[in-house]
Amino acid sequence: MHETGATADVVEMSAARVTRAGEILELVRRGEAETTSELAGLLGVARSTINDRISQLIAHDLLRAVSPNAPAGQRGRPATRLQFNPRAGVALAVQLGLSGARTAVTDLDGVVLASETGDIDLHRGPQAVLDTLISRLENTLAALGHTTEDAHGIGIGLPSRIELARFPQGTDAAPGSWSVGAVKTYLSERLRSSVHVDHDVSMLAFGEQWARTANVETLIGLKAGTVIGCGIVVNGAVLSGVDHLAGEIGHTRVGMDTTPCVCGNLGCLNAVAGGGAIARRLSERGFATPDTRSVVDLANAGNVEAAQEIRDSGRLIGEVLAGVVNLLNPAVISVWGYLSDTNGHLFAGIQEGLSRHALPGATPRLQLEPALLGDEAGILGAAMRVTQSALAPSAVDEYLLAHARKARATSELVDAE
């Protein structure tokens, strides 16, 4: 519906008053400015305009004004400093695995305020699992004195679509599948909030990118656990692909191996070099290795066969990663997952594979390193996807405008009564 006449004029006036408030908040958040003078100089607008926008941001608790103490001997009062308030709201974050899930509530800087880790049964289907996750988040919010209305959105990392294909895909009730689109639609309807869904490894990569103080043009987040995959972040944006299948290196065939893979093909990296494959081979030799964690424990206890298996796995991963390196020329490969916790065996193998198969000119400055955030990477990535969207300059302007409209409508209703 289009506004007309006086109403349209009032709305236009409100829109004009909030324009560029989001830019001001962004500059303060990034540490590029903290005073009215600095903001006016960077944006090229009058101090009065800056002060008006600052007043609105302070009124909504997004900014705080701090009056520093004057240094001894200094005349006059120091300029008031502006600070972003990360407690102006919360973000909801979920990292869903094949057998468990971590749910968390964070502030707007990604600091975890409270979290819960628990088992999850994907055989119950997407609706039942998502309802369980929502219930956990609601309980955590309540314990913190919040409700879902205080949340700027939810970010959720899912296992890959190929891995989820072996679980029930739902009934006639929504969501009918584990697809990114179906999960996003269901959570949007349940929470009435912004929803950001991607693969778990993409959230991991985004979290790693966000945690770095220096800008990294291209970062690869490698998950090396029971299955293998990678997330790709270029210029601060996750590359997901048109069908959310970007980074599925675990389903690249290696050599002439004919081991069946869950995807239906033969000799995939997951089927040959994943933690599950290593555990199976060691079990066949008489070792007690029911899962990837037990393989890592065995290698770290000094077992030569387990250590060699992990190094061989790393070599195959490096061979496949070489194609990624040749294509994208990343600055960093950040490695996360059980297999990375093995006294350097995995990293030695990956480095061998890269050295043999990647372009020589693409590796001298390439950093291959453990994930900075460890288990926090996925949660931070999911939370910061929410924050990045909610605090984008245009989103902040719209947020302030929506509140101005709501306040005006309430005032007009009171006057009418």
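Residues numbered from 1 in each chain as written. Predicted model: local features only at pLDDT ≥ 70, side-chain atom pairs only at ≥ 80, totals over all residues. Heavy atoms only, no water.

(A) Spotlight on unusual backbone geometry. Not every positive phi belongs to a glycine, and Asn-329 is a case in point at roughly 50°. With respect to the helices and strands, the residue Asn-329 is situated in the loop between helix H12 (304-328) and strand E11 (332-336). For Asn-329, a relative accessible area of 49% translates into the label partly exposed. Phi at Asn-343 is positive, roughly 50°, even though this residue is not glycine. With a relative accessible area of 61%, Asn-343 lands in the exposed category. (Helix = DSSP H or I, 4+ residues; strand = E, 2+ residues; numbered from the N terminus. Buried < 20%, exposed > 50% of the residue type's maximum accessible area, 1.4 Å probe, protein only.)

(B) Highlighting the sheet that holds E11. Across the sheet, which stays open at both edges, the five strands sit in the order E10-E9-E8-E11-E12 with mixed pairing between neighbours. Two strands lie at the open edges of the sheet, namely strand E10 (237-238) and strand E12 (367-370), each paired on one side alone. Here strand E8 (residues 218-224) pairs with strand E9 (residues 228-234) via seven bridges, running antiparallel. What sits directly across from Leu-222, in E9, is Cys-230. (Pairing = 2+ DSSP bridges.)

(C) Structural view of the confidence of the model for the chain. Of the residues in the chain, 90% reach a pLDDT of 70 or more, and the chain-wide mean stands at 89. Every residue in residues 1-11 scores below 50 in pLDDT, and together they form five contacts with partners more than four places removed in sequence or on other chains. (pLDDT = per-residue confidence, 0-100. Contact = heavy atoms within 4.5 Å.)

(D) Main features of the sheet that holds strand E6 (residues 151-158). Read from one edge to the other, the open sheet built from five strands follows the order E5-E4-E3-E6-E7, with strand pairing classed as mixed. For this open sheet the edge positions go to strand E5 (112-119) and strand E7 (195-199), each flanked by a neighbour on one side alone. Direction aside, the axes of adjacent strands within the sheet are offset by 15° on average. Here six bridges tie strand E3 (residues 90-96) to strand E4 (residues 100-106), and the two strands are oriented antiparallel to one another. Bridge pairing in E4 places Ala-93 opposite Ala-104. Relative to E3, helix H14 (residues 377-390) is tilted by about 140°, and along the sheet it contacts E3, E4, E5, E6 and E7. (Axes fitted to C-alpha atoms, helices over the stretch in contact; angles between N-to-C directions.)

(E) Examining the environment of Gly-276 more closely. Inspection of the secondary structure puts Gly-276 in helix H10 (residues 275-284). Assessed through its relative accessible area of 28%, Gly-276 is described here as partly exposed. In sequence terms Gly-276 and Thr-226 are 50 residues apart; their C-alpha atoms lie 4.9 Å from each other. When near neighbours in sequence (up to four residues on either side) are disregarded, Gly-276 contacts Thr-226 and Thr-292.

(F) Region of the structure containing the packing of H10 against helix H11 (residues 292-300). Orientation of H10 relative to H11, taken along the N-to-C sense of each, is 65°, at an axis distance of 8 Å. Our classification of the angle between H10 and H11 gives roughly perpendicular. Taken as a pair, H10 and H11 cross one another with a handedness that is left-handed. Counting all contacts with H10, which are made through Gly-275, Gly-276, Ile-278, Ala-279 and Leu-282, the residues of H11 involved are Thr-292, Val-295 and Leu-298. The class makeup of the residues in the contact of H10 with H11 is five nonpolar, three polar and no charged. (Parallel < 35°, antiparallel > 145°, perpendicular 65-115°, else oblique. Left-handed = near helix turned anticlockwise from the far one by under 90°. Nonpolar A, V, L, I, M, F, W, Y, C, P; charged D, E, K, R; others polar.)

(G) Region of interest: the state of the cysteines. For the structure shown, the criterion picks out zero disulfides. Of all cysteine sulfurs, the one in Cys-263 lies closest to Cys-261, which takes part in no disulfide; the gap is 3.7 Å. On the accessibility criterion, Cys-261 (11% relative accessible area) is buried. (Disulfide = S-S within 2.5 Å.)

(H) Representation of the packing of aromatic side chains in the model. This model, assessed by the stated rule, comprises one aromatic pair. Between Phe-206 and Trp-210, the ring centres sit 6.0 Å apart and the planes meet at 40°, which makes this aromatic pair tilted. On the criterion of helical spacing, the pair formed by Phe-206 and Trp-210 is a turn pair, its members being four residues apart in helix H8 (residues 200-211). A residue is classified by how much of its surface remains accessible, and Phe-206, at 1% relative accessible area, is buried. Take Trp-210: its relative accessible area is 34%, and that puts it in the partly exposed class. We note Arg-29 situated over the ring of Phe-84; from NZ or CZ to the ring centre the distance is 5.3 Å. The cationic tip of Arg-385 hangs over the ring face of Phe-206; the distance from NZ or CZ to the ring centre is 5.8 Å. (Phe/Tyr/Trp six-rings, centres within 6.5 Å; stacked < 30°, edge-to-face > 60°. Lys NZ or Arg CZ within 6 Å of the ring centre and 35° of its normal.)

(I) H12, seen in detail. Helix length check: H12, at 25 residues, gives a terminal C-alpha distance of 35 Å against a target of 36 Å (1.5 Å per residue), a fit within 8%. Most pronounced at Val-320, the bend in H12 amounts to some 30°. Two to three positions downstream of the cap, the backbone nitrogen of Glu-305 sits 3.1 Å from a side-chain oxygen, assigning the N-cap of H12 to Asn-303. Asn-329 lies just past H12 and shows a positive phi near 50°. (Expected span 1.5 Å × (residues − 1). Bend = angle between axes of the 7 residues up to and from the residue. Polar contact = N/O pair within 3.5 Å; in protein donor to acceptor, adjacent residues only side chain to side chain.)

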